[in-house]
Amino acid sequence: AGLRCVSAHYSYDDLHRQLDQILAFNQEIGGRYIICSYPGKDPSQHQNSKNGGPKFTLDDWRWNADQFNRIGEKVNAAGMKFGYHNHTMEFQKQDGVVPYIELMRLTDPSKVTMEMDCGWVVVGGGNPVELLRRYPKRISMLHVKDFKKTGKPQSMNNPPPSAELGQGTIDYRPIFRQAAKTGNIRHAFVEQEEFDMAPMQALKIDADYMRKLNA
């Protein structure tokens with residue numbers, strides 16, 4: 001089909017348990033990026049905890065930053081790049097600190113890149129344009145998705161329903177203009193996660209929107 005898999009997602013738990021196998025598999029298929037799609041928790045802090053939900057403390061995020069640096073070093077040695085994919089929880093301030101900014105501060109740019117999910121940044125209360133402006137060389141890939149406008153509060157646990165690109169609340173023109181200025185974006189992936197029409201019809205709307213961005 002002429003397709004190739006440029007990146008693959010794995011949770012921190014999977015990366016911790018089977019990094020060698022993951023690296024070997026991605027080398028075999030020609031992958032370039034290994035992306036952590038969900039963080040882990042420091043066992044020494046949570047071994048007796050019964051609330052293993054998505055609540056992460058600042059110490060958890062700092063521990064993850066250290067783990068990402070270690071994993072990134074191994075991924076680099078295997079000839080690939082390591083990165084992190086955000087959701088919304090990275091933008092919930094704790095003691096005045098935004099976890100995503102803390103990850104940026106504590107991860108080594110030579111070992112950890114960012115695959116910024118623009119849609120989740122917006123839902124989490126962040127600004128993709130500002131992040132691209134502030135960290136022009138730290139973000140190398142984008143996830144592109146849109147959401148319908150609702151009157152309800154938005155969060156990771158209560159996300160708004162998906163919309164086709166251009167049919168929802170996010171204008172990607174300023175995002176892609178800023179992304180172009182960085183000269184660092186290698187890939188942008190459109191994510192259409194829900195459908196209220198035939199999937200190929202929805203994807204055509206997405207594709208047409210991307211072609212007309214002119215960014």
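Please refer to the structure higher up on the page.
What comes next is a walk through the structure. (Residues numbered from 1 in each chain as written. Predicted model: local features only at pLDDT ≥ 70, side-chain atom pairs only at ≥ 80, totals over all residues. Heavy atoms only, no water.)

### Focus: the sheet that holds strand β2 (residues 33-38)
Filter applied, for reference: Pairing between strands is defined by DSSP: at least two bridges between the two strands are required. Under the DSSP-based scheme used, a helix requires at least four consecutive residues in state H or I and a strand at least two consecutive residues in state E, with every element numbered from the N terminus. Here an angle of 0 to 180 degrees is reported between the N-to-C directions of two axes, which are lines fitted to C-alpha atoms, with helices fitted over the stretch in contact.
Taken in spatial order, the six strands line up as β1-β2-β3-β4-β5-β8 in an open sheet, and their pairing is parallel. Of all strands in the sheet, those bounded by a partner on one side alone are β1 (7-11) and β8 (187-190). Averaged over all pairs of adjacent strands, the angle between strand axes in this sheet comes to 25°, irrespective of strand direction. Pairing analysis gives four bridges linking strand β4 (residues 113-117) to strand β5 (residues 139-144), with the strands arranged parallel. The residue bridging Asp117 from the neighbouring strand is His143, located in β5.

### Some points on the packing of aromatic side chains
To describe a pair of aromatic rings, one takes the distance between the centres and the angle between the planes. Where we set the bar: The criterion for an aromatic pair is that two Phe, Tyr or Trp rings (for Trp, the six-membered ring) have centres within 6.5 Å, with stacked assigned to planes under 30 degrees apart, edge-to-face to planes over 60 apart and tilted to the rest. Only protein chains enter the calculation, and the probe is 1.4 Å; a residue is then buried if its accessible area is under 20% of its type maximum, exposed if over 50%, and partly exposed in between. Working rule: Lys NZ or Arg CZ, within 6 Å of ring centre, within 35 degrees of ring normal, means a charge sits over the ring.
Inspection of every chain in the model, using the stated rule, returns eight aromatic pairs. Ring centres of Tyr12 and Trp63 lie 5.2 Å apart, and the angle between their planes is 70°; on these two criteria the pair is classed as edge-to-face. In this pair, Tyr12 sits in helix α1 (residues 12-29) while Trp63 sits in helix α3 (residues 58-77), placing the two residues 51 residues apart along the sequence. Judged on exposure class, the residue Tyr12 and its partner Trp63 are both buried. Seen from their ring centres, Tyr38 and Phe56 are 5.9 Å apart, and the 70° between their planes marks the pair as edge-to-face. Of the two residues, Tyr38 is situated in strand β2 and Phe56 in the loop between α2 (43-46) and α3; the sequence distance between them amounts to 18 residues. Overall, the relative accessible area of 4% leaves Phe56 in the buried class. Every member of this aromatic cluster is reached through a ring pair, and the members are Tyr38, Phe56 and Trp61. Lying over the aromatic face of Phe56, Lys41 brings its terminal NZ or CZ to 5.3 Å of the ring centre.

### Quick word on the environment of Asn127
Worth spelling out the cut-off: Polar contacts, as used here, are pairs of N or O atoms within 3.5 Å; protein pairs need one atom able to donate a hydrogen and one able to accept it. Residues neighboring in sequence count only if both atoms are side-chain atoms.
Position of Asn127 among the secondary structure elements: in the loop between α5 (118-124) and α6 (128-134). We classify Asn127 as partly exposed; its relative accessible area is 40%. Only 2.9 Å separates the side chain of Asn127 from the backbone nitrogen of Val129, close enough to count as a polar contact.

### Regarding a nonpolar patch on the surface
Short version of the rule: Each patch is built from salt-bridge-free residues with over 30% relative accessible area, joining like charges within 9 Å and nonpolar side chains (Val, Leu, Ile, Met, Phe, Trp, Tyr) within 5 Å. Accessible surface is estimated by sampling points in the Shrake-Rupley manner with a 1.4 Å probe; for residues, cover comes only from the protein chains shown. Note on definitions: salt bridges are taken to be side-chain nitrogens of Lys or Arg within 4 Å of carboxyl oxygens of Asp or Glu.
A grouping of Phe195, Met200 and Leu203 is seen on the molecular surface, where their side chains present a nonpolar patch of about 300 Å² in accessible area. Looking at the element boundaries, Phe195 is found in the loop between β8 and α8 (199-211). With a relative accessible area of 39%, Phe195 lands in the partly exposed category.

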